[in-house]
2 protein chains.
Amino acid sequence: MTGTNRLNKVAIVGGTHGNEFSGIYLLRKWRDTPQLIERGSFTVETVFANPKAFEENKRYLDCDMNRQFGADDLNNPDLANYEQSRAKAINAQLGPKGDAKTDFIIDLHNTTSNMGPSLILLQSDAFNRQLGAYVKAKMPNAVVVLEDHVAVHEHYFLSSISQQGVIVEIGPQPQSVIRQDVLDWMEEMTGHILDFVDLHNRNAVPELPASYEAYKYHETLKLPENKQGERIGMVHRNVQDADFKALRHGDPIFTLFDGQEVCWEGDYEAYPHFINEAAYYDNNLAMSLAKKVTVDV
Amino acid sequence: MTGTNRLNKVAIVGGTHGNEFSGIYLLRKWRDTPQLIERGSFTVETVFANPKAFEENKRYLDCDMNRQFGADDLNNPDLANYEQSRAKAINAQLGPKGDAKTDFIIDLHNTTSNMGPSLILLQSDAFNRQLGAYVKAKMPNAVVVLEDHVAVHEHYFLSSISQQGVIVEIGPQPQSVIRQDVLDWMEEMTGHILDFVDLHNRNAVPELPASYEAYKYHETLKLPENKQGERIGMVHRNVQDADFKALRHGDPIFTLFDGQEVCWEGDYEAYPHFINEAAYYDNNLAMSLAKKVTVDV
């Protein structure tokens, strides 16, 4: 590693969605015990992204904040609702996107889906490939999801403000609930990520496995709808909670409210995740599908 | 059975809480296929209790509707917010409480807790004791909870409008999600209840077991708080999802955010339920505790 890709400034963001409690409660804990997130080779700040939504016990007031960080949107003064305004404020604090003063952002999220402790990487450069390997080595139940289908600066996620950024996504946890298992997983995974950044900075990353399995985002499926766009079915009971289990052509995937089963017609081995995520109902989304890939470290 | 306790008018209520989706979707299904809830010996109507909260994807707008059916509150014209007004309207439609035109109300609810298919009885007269036995005989994974610690007319639940009424409480399901397993359990349990009422009316209740196990509500525990009333802990991981598993003096029950464990100091064998229910956070409640009892049929 050269000095040029040292990560000197790290930010940990919680409460980007106001009813995803784990990150919000961890921020409180770290406010009282900051030594838990301090490492020798970088400074770390914490950001409570959407305090108003938390106050109102909702995901958001006006729109999903974690979709407001596209470069054009950040520069569009007409986008002025609460989350769009908070996005601009956070971009000013941590960014600006494209030339950010923050080198690395960890954005903490929960899902109602049975995804366990998942690390979502927005790119697959050497740093991210090693980071995934390190976290999986330290935390064998961790899953790595690659959302590298677009370049980082084209993402609209909060963690795309900085040149390097990840999403920590832990479930299953109902909205507006704190589960200890989920909180513990989030704290553990965040600690491993901070350790890795510190090792990276000190040129001390240990030997890692030559490769590992990950899930590369491919497409998003909608819930069954009628011609009027009304929901007419739900996730099939065989698929519920089966995040990261293979789905093959012909497998039942939805059950219509009239009892009829709908099978998946895809032509590849798909790995569903974000299955039946509560927040996705806004857009009638049922789940994301990934392909299993091998990441060479 | 004598003719005097025939139940001629039955109401099925869904969406008393706007983000408990199973009942709301079942009402839609039964609107299209009413024969599924019709039986020979009574009329049945359906009521969508809180459509505004459903529209806004919230439990309630102003206050918890399922606490607004105390007799004094129903008669207090000063209680005029949305849920209080809906409560009066539903009382006019199905009641009035104390002299109700409806003989039996089934109120459909979901919980984020791991309670499985639970039938909550508000009294333990012969009818309810038999109903519990019948449902358990037909649905071996069903649990019967007795909330008969006060008289029916003293309850503030919607289903206390009529002389006979029950709550069907199915989980675990995150708020604002439809799980097929939970939906299927709710539909099955409701069907058995309707069958039983029909058998009761026709004097044709089959032979039932002489007794069964149930859980009698005893007390409600709060989450750990500091002197300022702020939440400082969560449900212990050993207790999470362990609804209806025995809790004994000295068992860990909470974990404080600083890592410390809190043990239960009670002097009886308790059966937690509604463990970590999302909606209870409003009042900082952690769970209900029951005692296991034997119900003689």
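Values in this document were obtained by computation on a predicted structure and should not be read as measured data.

(A) Up close: the UniProt feature "active site" (unreviewed entry) in chain A. Residue and element names in this part refer to chain A. Under the present numbering, the feature "active site" (unreviewed entry) in UniProt falls on Glu169. Note that Glu169 resides in strand S6 (residues 164–171). The exposure class assigned to Glu169 is buried, which follows from its relative accessible area of 6%. For Glu169, the residues in contact, after removing those within four places along its chain, are His109, Asn110, Thr111, Met115, Gly116, Pro117, Ser118, Ile120 and Phe274. Only 3.4 Å separates the side chain of Glu169 from the backbone nitrogen of Thr111, close enough to count as a polar contact.

(B) Fine view of helix H6 (residues 180–201) of chain A. Residue and element names in this part refer to chain A. Taking 1.5 Å as the rise per residue, H6 with 22 residues should run 32 Å; its terminal C-alpha atoms sit 32 Å apart, in good agreement. The buried fraction of H6 amounts to 17 of the 22 residues, a majority that puts the element mostly inside the structure. Note on H6: the residue one or two positions beyond its end, Asn203, has a positive phi of about 55 degrees.

(C) Here's a closer look at the domain arrangement of chain A. Residue and element names in this part refer to chain A. Here the domain parsing of chain A yields domain 1 (3–209) and domain 2 (216–296). Taking only C-alpha atoms, the centre of domain 1 and the centre of domain 2 are 26 Å apart. Taken together, the contact between domain 1 and domain 2 spans 19 residues of the former and 17 residues of the latter. Both sides together, the interface formed by domain 1 and domain 2 hides about 1500 Å², and carbon and sulfur atoms give 56% of it. Considering only the side of domain 1, the residues that lose the most area to domain 2 are Asn114, Met115 and Leu146, jointly responsible for 31% of the buried surface there. Of the charged contacts, one joins Lys216 and Asp148 as a salt bridge, the two residues approaching to 2.7 Å between their closest N and O atoms. If you look at where domain 1 meets domain 2, you find 11 residue pairs in polar contact (both at pLDDT 80 or more). Of all elements in the fold, only strand S4 (116–121) and strand S5 (143–146) reach the threshold of two or more residues within the side of domain 1 that touches domain 2. With three residues, S5 is the largest single contributor of residues to the side of domain 1 that touches domain 2.

(D) Up close: the packing of helix H1 (residues 21–32) of chain A against H6(A). Residue and element names in this part refer to chain A. Where H1 contacts H6, the axes come no closer than 10 Å and their chain directions differ by 60 degrees. Regarding the angle of H1 to H6, the classification is oblique. Crossing handedness for the pair H1 and H6: right-handed. Side by side, H1 and H6 meet where Ser22, Gly23, Tyr25, Leu26, Lys29 and Trp30 of the first sit next to Val182, Leu183, Met186, Glu187 and Thr190 of the second.

(E) Molecular detail of the relation of the copies chain B and chain A. With an axial shift of 0.0 Å and an RMSD of 0.0 Å, the rotation relating chain B to chain A amounts to 180 degrees. Read as a symmetry element, the transformation amounts to a two-fold axis. Relative to the rotation axis, the C-alpha of B:Pro174 is the closest in chain B, positioned 2.3 Å from it.

(F) Expanded view of the pairing of strand S3 (residues 104–110) of chain A. Residues and elements named next belong to chain A. Within S3, seven of the seven residues are buried, which leaves it mostly tucked inside the rest of the structure. Neither face of S3 is exposed, since Phe104, Ile106, Leu108 and Asn110 on one face and Ile105, Asp107 and His109 on the opposite face are all buried. In this structure, strand S1 (residues 9–14) lies alongside S3, joined through four bridges in parallel fashion. Looking at S3, one finds that Ala11 is bridged to Ile105. The pairing of S3 with S6 spans seven bridges and is parallel. Within S6, the position partnered with Leu108 by the bridge is Val168.

(G) Focus on the packing of helix H5 (residues 126–138) of chain B against helix H6 (residues 180–201) of chain B. All names here are of chain B. Two elements in contact, H5 and H6, have axes whose closest approach is 10 Å; the angle formed by their N-to-C orientations is 130 degrees. Our classification of the angle between H5 and H6 gives oblique. In terms of crossing hand, the pair formed by H5 and H6 is right-handed. On H6, the residues touching Phe127, Gln130, Leu131, Tyr134, Val135 and Lys138 of H5 are Glu188, Met189, His192, Ile193, Asp195, Phe196, Val197, Leu199 and His200. Along the lines of polarity and charge, the residues of the contact of H5 with H6 split into nine nonpolar, three polar and three charged.

(H) A look at the interface of chain B and chain A. Taken together, the contacts link 26 residues of chain B with 26 residues of chain A. Across the chain B to chain A interface the summed buried area is about 2500 Å²; carbon plus sulfur atoms make up 53%. If you sort the residues of chain B by the area they bury against chain A, B:Gln180, B:Arg237 and B:Phe257 come out on top, with a joint share of 24%. Residue B:Arg179 is joined to A:Asp241 by a salt bridge in which the shortest nitrogen-to-oxygen separation is 2.7 Å. At the surface where chain B touches chain A, the tally comes to 14 residue pairs in polar contact (both at pLDDT 80 or more). Those elements giving two or more residues to the side of chain B that touches chain A turn out to be helix H1 (21–32), H6 and strand S8 (233–235) of chain B. A per-element tally of the side of chain B that touches chain A places H6(B) first, with four residues. Classifying every residue of the side of chain B that touches chain A by side-chain character gives 11 nonpolar, eight polar and seven charged.

(I) Focus on the packing of aromatic side chains. Across all of its chains, the model carries 26 aromatic pairs over all chains by this definition. Taking the centre distance of 6.2 Å and the plane angle of 50 degrees together, the rings of A:Tyr281 and B:Phe21 count as tilted. One end of the pair, A:Tyr281, is in the loop between strand S11 (271–273) and strand S12 (285–296); the other, B:Phe21, is in helix H1, on a second chain. For the pair B:Phe274 and B:Tyr280, a centre-to-centre distance of 5.5 Å together with 40 degrees between the ring planes defines the contact as tilted. Residues B:Phe274 and B:Tyr280 agree in their burial class; the two are buried. The ring centre of A:Tyr268 lies 4.8 Å from the NZ or CZ of A:Lys291, which sits over that ring. Above the face of the B:Tyr25 ring, B:Arg28 is positioned so that its terminal group lies 4.8 Å from the ring centre.

The rules behind each value
- Residues numbered from 1 in each chain as written.
- Chains lettered and ligands numbered in written order.
- Predicted model: local features only at pLDDT ≥ 70, side-chain atom pairs only at ≥ 80, totals over all residues.
- Heavy atoms only, no water.
- UniProt positions renumbered as here; feature names shortened; annotations may be inferred.
- Helix = DSSP H or I, 4+ residues; strand = E, 2+ residues; numbered from the N terminus.
- Buried < 20%, exposed > 50% of the residue type's maximum accessible area, 1.4 Å probe, protein only.
- Contact = heavy atoms within 4.5 Å.
- Polar contact = N/O pair within 3.5 Å; in protein donor to acceptor, adjacent residues only side chain to side chain.
- Expected span 1.5 Å × (residues − 1).
- Domains from an automatic or database assignment.
- Buried area = accessible area lost by both parts, 1.4 Å probe.
- Salt bridge = Lys/Arg side-chain N within 4 Å of Asp/Glu carboxyl O.
- Axes fitted to C-alpha atoms, helices over the stretch in contact; angles between N-to-C directions.
- Parallel < 35°, antiparallel > 145°, perpendicular 65-115°, else oblique.
- Left-handed = near helix turned anticlockwise from the far one by under 90°.
- Least-squares fit on C-alpha atoms with pLDDT ≥ 70 in both.
- Pairing = 2+ DSSP bridges.
- Nonpolar A, V, L, I, M, F, W, Y, C, P; charged D, E, K, R; others polar.
- Phe/Tyr/Trp six-rings, centres within 6.5 Å; stacked < 30°, edge-to-face > 60°.
- Lys NZ or Arg CZ within 6 Å of the ring centre and 35° of its normal.

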